[in-house]
Structure formats: structure tokens, C-alpha cells
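Inside the fold
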Amino acid sequence: MNTDHAWKLSYYNLIIDNFNDVVCIWNTKHGSVVQLDKDIYSCFEKNFFDSIPSSDLASYIKEGLLVPQDLDEQQEILFTARQRQYSLGQSSLGFVIAPTVACNFRCPYCFEQGIDRCGYMSKETQRLFIDFLEKLLHNNANIKNVRITWFGGEPLLAYDSVIVPLQSKIIALCHKMNVTVAFSIITNGYFLTSEKLDFLFKIGQTKFVQLTLDGSGEEYAKRKSTSIDAFYRVVDNLLNLSDYLHKNTIDAKIKVRLNVDNDNYEDVKNLALSLKSDSRFCDNIDFSLERLRKYGHCQELQSFCTTEEFEHLKYDFNSFLEKSFKFPEPKTVFCGQHCMNVFCVGINGELYKCEHDIGIQKHAVGNIRNGLTYNKYFLDFMDLPLPKKCLSCKILPVCMGGCPHRRLMNNNNTECDFTINNLIKVVKHFISEKEVN
Ligand code: SF4
Ligand code: SF4
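Residues numbered from 1 in each chain as written. Chains lettered and ligands numbered in written order. Predicted model: local features only at pLDDT ≥ 70, side-chain atom pairs only at ≥ 80, totals over all residues.

Things to note about the overall build of the protein
For clarity, the cut-off: Secondary structure is summarised from DSSP: a helix means a run of H or I of at least four residues, a strand means a run of E of at least two, and numbering begins at the N terminus for each. By definition, residues are in contact whenever their C-beta atoms, placed on the basis of the backbone, come within 7 Å of each other.
When helices and strands are tallied, the protein shows 15 helices and 15 strands. Principal-axis analysis of the C-alpha atoms gives the protein an extent of 70 × 50 × 45 Å. Across the protein, the fraction of contacts at a sequence separation of at least 24, relative to all contacts at a separation of at least 6, is 70%.

Shown next as C-alpha cells:
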């Protein structure tokens with residue numbers, strides 16, 4: 001590495017510990033954590049690098065702590081984000097498909113309130129989707145893998161009429177085109193019964209299932225406007241699935257999304273513990289605590305957490321379940337939907353950019369008959385600039401401004417999902433866990 005350049009400290013260095021003679025720095029852009037001698041750090045601060053041995057200097061440069069003096073790091077981040085968003089040379093193609101918008105539950109927070117909750121994807125639309133996918137694969141030889149996520153409504157309501165026939169056809173097409181394919185499903189779990197598992201996981205190449213539990217027993221029934229029996233059925237399906245995947249050595253993951261506000265946290269925590277103690281529970285299940293928030297058409301819930309409150313709950317939850325802390329990795333965009341290679345498909349073949357738009361006709365950005373339309377909604381969504389406060393944020397590289405859909409709906413204002421102090425706490429925890437192991 002050429003160390004003869006003029007260097008400066010990266011803007012994205014955060015001091016996470018400063019003790020005795022050592023300064024511990026986390027560079028959020030590079031994703032590195034480096035311990036430095038205090039004297040060396042003070043040389044850095046004074047831009048005085050001559051006394052540092054060139055091999056050490058090279059390693060600080062490699063870890064991203066020092067960057068060329070003339071580099072505009074913000075410009076670099078924005079360029080990389082644009083490149084990821086608009087690159088036509090991506091090797092993967094993703095679709096989130098709603099085979100139906102009907103649902104058997106009525107969750108008060110559901111963004112689909114106000115959307116006509118009936119209708120299934122017809123055979124003709126399924127056929128058109130296959131034509132559309134075939135054309136895309138044919139015209140883009142660089143695509144090597146396809147990812148399909150079933151979404152809804154409750155997608156398993158359309159298990160027989162859409163999922164089985166369309167998933168089978170997509171697999172056959174990808175096989176013919178020499179492209180790999182993997183499926184995911186976002187379901188409430190009520191219809192995820194044992195007779196469907198062989199198709200979904202042995203034939204259907206389903207690799208990921210996400211289901212949501214917002215509490216146990218009565219709390220669950222209240223929040224989803226359903227019965228307590230429904231809760232027991234969903235839990236039973238979940239545990240049977242975990243056991244099934246394990247016994248059949250199928251490499252698929254289950255994410256249990258636990259939506260919390262300030263009212264149901266304790267309940268959710270106990271639920272996770274009781275699920276873990278069931279004999280059918282295997283390590284293919286991952287719990288993910290998620291923050292309930294007011295969204296789009298959703299009704300008011302009284303006790304949404306603030307960012308700090310939620311971070312506190314998440315920290316407590318992970319410690320309680322002895323869950324490993326995830327190191328906050330740098331990313332190029334906040335979510336895949338903000339890129340040109342991911343689309344959502346409605347029941348009539350409409351194309352959308354975000355799954356939260358499915359069923360909202362005025363947010364459609366084309367359809368599978370005629371392809372994409374560069375309409376105002378599409379351009380506003382794709383070209384949404386990062387808010388001013390994000391541009392100067394030290395954790396921009398691990399956040400990238402928050403959900404673009406939420407920002408677009410909110411005049412490009414963003415409510416931070418993270419605070420610097422909490423992320424520093426998580427990084428410290430991560431390091432201490434690594435040291436123990
Ligand atoms: S949303 Fe908040 S945490 Fe994320 S980059 Fe913007 S200011 Fe930073
Ligand atoms: S809601 Fe936001 S984070 Fe979720 S898919 Fe849409 S744009 Fe992405």
C-alpha cells in the first residue's frame with residue numbers, strides 16, 4: 001500500500017472506549033474496530049503521521065481509520081449507494097409477490113387497512129408473470145439467481161390456487177434458464193400446517209419463513225382480532241415446522257418477528273422463553289424484536305416506543321435470551337426495495353417498489369404486461385435524497401437514512417432507528433463477547 005499520500009482521520013471514526021493508554025475506535029464506514037496507543041491517536045488528531053512506522057500506518061489505512069486528505073467520504077458513500085441502486089449488472093433479481101390481499105386476521109397496525117381485502121391472483125396473471133420473468137431473464141444474461149418472497153394479505157390463503165402452481169412454474173423456468181431460485185414467505189402462520197411442508201421445503205425450495213407473534217394467548221388474540229385458539233394453532237405450526245426442518249436436515253431459517261410497544265414487551269419476552277423450552281424448538285428459529293410504529297393507514301396504538309425505549313428493550317431482550325449481538329455492518333442502501341433489481345407484484349400484476357404499497361393503485365410503477373413506468377411515484381421513491389441530518393450523521397454508513405418509503409410518506413423526514421450511544425454499546429458488547437469466546 002502506498003503510504004506516501006497525505007492522510008486525514010476518517011469522519012466515520014467513533015471512539016468507543018478510551019482507557020489507560022489505549023483508544024478504541026470503530027470506523028462505521030469500514031466496519032472495523034481498532035485499538036490504538038493514545039500517543040498514536042494524538043498524532044492522528046494533529047495530522048502528524050511522520051513518526052508512525054509505515055507498516056502501522058498501512059494497517060490504519062487498510063482499516064479505514066485514515067483516508068486520503070482529498071477524499072470526500074460523503075460523496076463516496078452517496079456514489080456507492082447510487083451505484084447499488086441503479087446498477088443494471090446485478091446478478092440477482094428479487095420479487096415480493098402478493099398472491100392475495102385477503103387475510104384471516106385483522107391486526108390494528110396493519111398497513112393494509114383501507115385496502116380492499118379480497119382478491120386472488122388469477123391464472124392469467126400467473127401466466128403473465130411467468131412470461132414477464134422469462135423475458136427479464138432472457139434480456140439480462142448477468143442474472144444468476146432469483147429470489148421470490150410471498151407476501152400478502154396472508155399468502156397461504158392462496159396456497160392451492162397460486163403458490164403451488166406459480167412456485168412450481170417459476171422453479172421450472174429458472175431451471176430451464178440455468179438460474180438458481182430461492183423462496184421466502186411472510187405469513188401469520190395460521191395455515192402453515194404439516195401437509196404443506198413437503199411442497200414448500202422439499203419441492204419448493206423455500207429457504208426462509210417469517211411469522212409474527214405479538215404476544216401470547218389473550219394479548220395475541222386481542223392484537224390480531226382473532227381467538228386464543230388461533231394463537232395456539234400458530235405456535236403449534238411454528239414448532240412443528242422447526243422440528244420438521246431439523247429432522248429432514250433442510251437448510252431453511254425461521255424468523256419469529258415479535259412486534260412490541262411499551263405494553264406487550266414483558267409478555268413477548270416470556271413467550272420467547274416458553275417457545276425456547278419446547279422440545280420441538282430447534283436452532284433454526286431466530287427471534288427478532290421489532291418496533292411497532294404508526295404506519296400509513298394504520299390505526300393509532302397508544303404506546304409506541306421511542307427509538308431510545310426500543311433500543312433499551314432490544315438490548316434487554318438479547319441479553320435475556322443470551323442472543324449474540326450483531327455487529328452493525330456498513331451497508332450501501334437501507335433496503336433492497338430501493339434498488340432496480342427488486343420489485344413487488346400485486347394480485348393484478350401491478351408492479352410496486354415497496355411491499356407497503358401493494359394494493360395502492362396510485363403507487364403502482366408499471367405492470368407485468370408492459371413493464372416498468374418511470375412515473376412520478378417511481379422517480380420520487382428512487383431519487384429520494386438523504387435528509388440533511390443524515391448527511392452529517394456519523395452512523396450514516398450503517399443506517400443509510402432509514403426506510404425510504406417511510407421518508408417518502410413523511411416529506412423526507414426520517415425518524416432515526418438508531419442512536420450513536422446505543423450502537424456504541426452494542427459494538428462494545430460484541431467485542432466483549434468475542435473476547436470471552
Ligand atoms: S436516520 Fe438518523 S441514524 Fe440514520 S443516518 Fe439519518 S440521522 Fe443517522
Ligand atoms: S417499508 Fe421501507 S424498509 Fe420496508 S421494504 Fe419498503 S422501503 Fe424497504
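Some words on the site of ligand 1
What counts, and what does not: In this text, near has one meaning. A residue is near a molecule or strand if its C-beta atom, placed using the backbone, is within 6 Å of it. In the scheme used here, Gly and all other residues not listed as nonpolar or charged are polar, with Ala, Val, Leu, Ile, Met, Phe, Trp, Tyr, Cys and Pro taken as nonpolar and Asp, Glu, Lys and Arg as charged.
Taken together, Lys-389, Cys-390, Cys-393, Ile-395, Leu-396, Cys-399, Gly-401, Gly-402, Thr-414, Cys-416 and Phe-418 make up all the residues around ligand 1. For the shell around ligand 1, the secondary structure elements donating two or more residues are helix H12 (388-391) and helix H13 (396-399). Its residues assigned to classes, the shell around ligand 1 comprises seven nonpolar, three polar and one charged.

Describing the nonpolar core
Stated precisely, the cut-off is as follows: Each nonpolar core reported here comprises buried Ala, Val, Leu, Ile, Met, Phe, Trp, Tyr and Cys residues connected via C-beta atoms within 7 Å. Burial is judged by counting the other C-beta atoms within 10 Å of a residue's own C-beta: 20 or more makes it buried, 12 or fewer makes it exposed, and any count in between marks it as partly exposed, with every C-beta position built from the backbone.
Formed by 68 residues in total, the largest nonpolar core has its most connected members in Ile-97, Val-256, Leu-258 and Val-345. Once residues lying within four places of it in the same chain are set aside, the contact partners of Val-256 are Leu-211, Leu-213, Leu-238, Ile-285, Phe-287 and Ser-288. Within the second largest apolar cluster, 25 residues are counted, among which are Leu-65, Phe-334, Leu-396 and Val-398.

Observations regarding the packing of helix H4 (residues 123-139) against helix H5 (residues 159-176)
Applied cut-off: Lines fitted to the C-alpha atoms define the axes, with helices restricted to the stretch that makes contact. Angles between their N-to-C directions range from 0 to 180 degrees. The scheme is simple: roughly parallel for angles under 35 degrees, roughly antiparallel for over 145, roughly perpendicular for 65 to 115, oblique for anything else. Should the near helix be turned anticlockwise from the far one by less than a right angle, the crossing is left-handed, and should it be turned clockwise, the crossing is right-handed.
Between H4 and H5, whose axes approach to 11 Å, the crossing angle comes to 20 degrees. Classified by the interaxial angle, the pair formed by H4 and H5 is roughly parallel. Along this stretch, H4 crosses H5, giving a crossing that reads as right-handed. Only Val-162, Pro-165, Leu-166, Lys-169, Ile-170 and Leu-173 of H5 make contact with H4, whose side of the interface consists of Gln-126, Phe-129, Ile-130, Leu-133 and Glu-134. Looking at the contact of H4 with H5 residue by residue, the classes come out as eight nonpolar, one polar and two charged.

A look at the sheet that holds strand S2 (residues 13-19)
The cut-off we apply is this: Two strands are counted as paired when DSSP detects at least two bridges linking them.
Spatial strand order, S2-S3-S4: three strands in an open sheet with antiparallel pairing. Whereas interior strands pair on both sides, the edge strands pair on one side only; in this sheet they are S2 and strand S4 (32-37). Averaged over all pairs of adjacent strands, the angle between strand axes in this sheet comes to 25 degrees, irrespective of strand direction. In this structure, S2 lies alongside strand S3 (residues 22-27), joined through six bridges in antiparallel fashion. Each residue of the ladder has a partner; that of Asn-13, found in S3, is Asn-27. Relative to S4, helix H1 (residues 38-45) is tilted by about 105 degrees, and along the sheet it contacts S3 and S4.

Quick look at the site of ligand 2
Inspection of the region around ligand 2 gives Cys-335, Gln-337, Cys-354, Glu-355, His-356, Cys-403, Pro-404, His-405 and Arg-406 as its neighbouring residues. Of the residues belonging to the shell around ligand 2, the class tally is four nonpolar, three polar and two charged.

With respect to the domain arrangement of the protein
How we decide: Residue ranges assigned to each domain were obtained from an automatic or database domain assignment.
On domain assignment, one finds that the protein holds domain 1 (7-71) and domain 2 (82-380). Using only C-alpha atoms to locate each centre, domain 1 and domain 2 end up separated by 41 Å.

Comments concerning the pairing of S4
On a regular strand, one side chain projects to one face of the sheet and the next to the other, so that they alternate. Relative to S4, S3 runs antiparallel, the two sharing six bridges. In the sheet register, Ile-25 faces S4, and the bridge partner there is Val-34. Hairpin geometry of S3 and S4 is characterised by an intervening segment of four residues between the two adjacent antiparallel strands and by a positive phi of about 80 degrees at Gly-31.

What about unusual backbone geometry?
With an omega of 0 degrees, the peptide bond between Gly-152 and Gly-153 qualifies as cis. Within the element layout of this structure, Gly-153 appears in the loop between strand S7 (145-150) and H5. The backbone of Asn-178 sits at a positive phi, close to 60 degrees, despite the residue not being glycine.

As for the environment of Leu-391
When you line up the elements, Leu-391 lands in helix H12. The class for Leu-391 is partly exposed, based on 13 C-beta atoms found within 10 Å. For the pair Leu-391 and Gly-401, spaced ten residues apart in sequence, the C-alpha separation works out to 8.5 Å. Ignoring sequence-local partners within four residues, the contact set of Leu-391 consists of Gln-74 and Leu-386.

Quick notes on helix H9 (residues 265-276)
Threshold: Multiplying 1.5 Å by the residue count of a helix minus one yields the expected span of that helix. Picture the helix axis, draw a direction to every C-beta atom, and the arc is the one those directions span.
For H9, with twelve residues, the first-to-last C-alpha span of 17 Å sits near the 16 Å given by 1.5 Å per residue. Taken together, the buried positions of H9 are occupied by Tyr-265, Asp-267, Val-268, Leu-271 and Ala-272. The buried residues of H9 occupy an angular sector of 160 degrees when the element is viewed end-on, so they sit on one face. Residues of H9 that are exposed and angled more than 90 degrees away from the buried face: Glu-266, Leu-273 and Ser-274. Looking at the buried residues of H9, the elements they touch are helix H7 (217-223), strand S10 (253-260), strand S11 (285-291) and helix H10 (307-320).

Quick notes on the sheet that holds S10
Strand pairing in a sheet relies on backbone hydrogen bonds, with the paired strands running either antiparallel or parallel. In space, the eight strands of this open sheet follow the order S11-S10-S9-S8-S7-S6-S12-S13, with mixed pairing throughout. Strands with a single pairing partner mark the edges of an open sheet, and in this sheet they are S11 and strand S13 (351-352). Bridge analysis of strand S12 (residues 342-345) against S13 gives two bridges, and the strand direction is antiparallel. Along S13, the bridge assignment pairs Val-345 with Leu-351.

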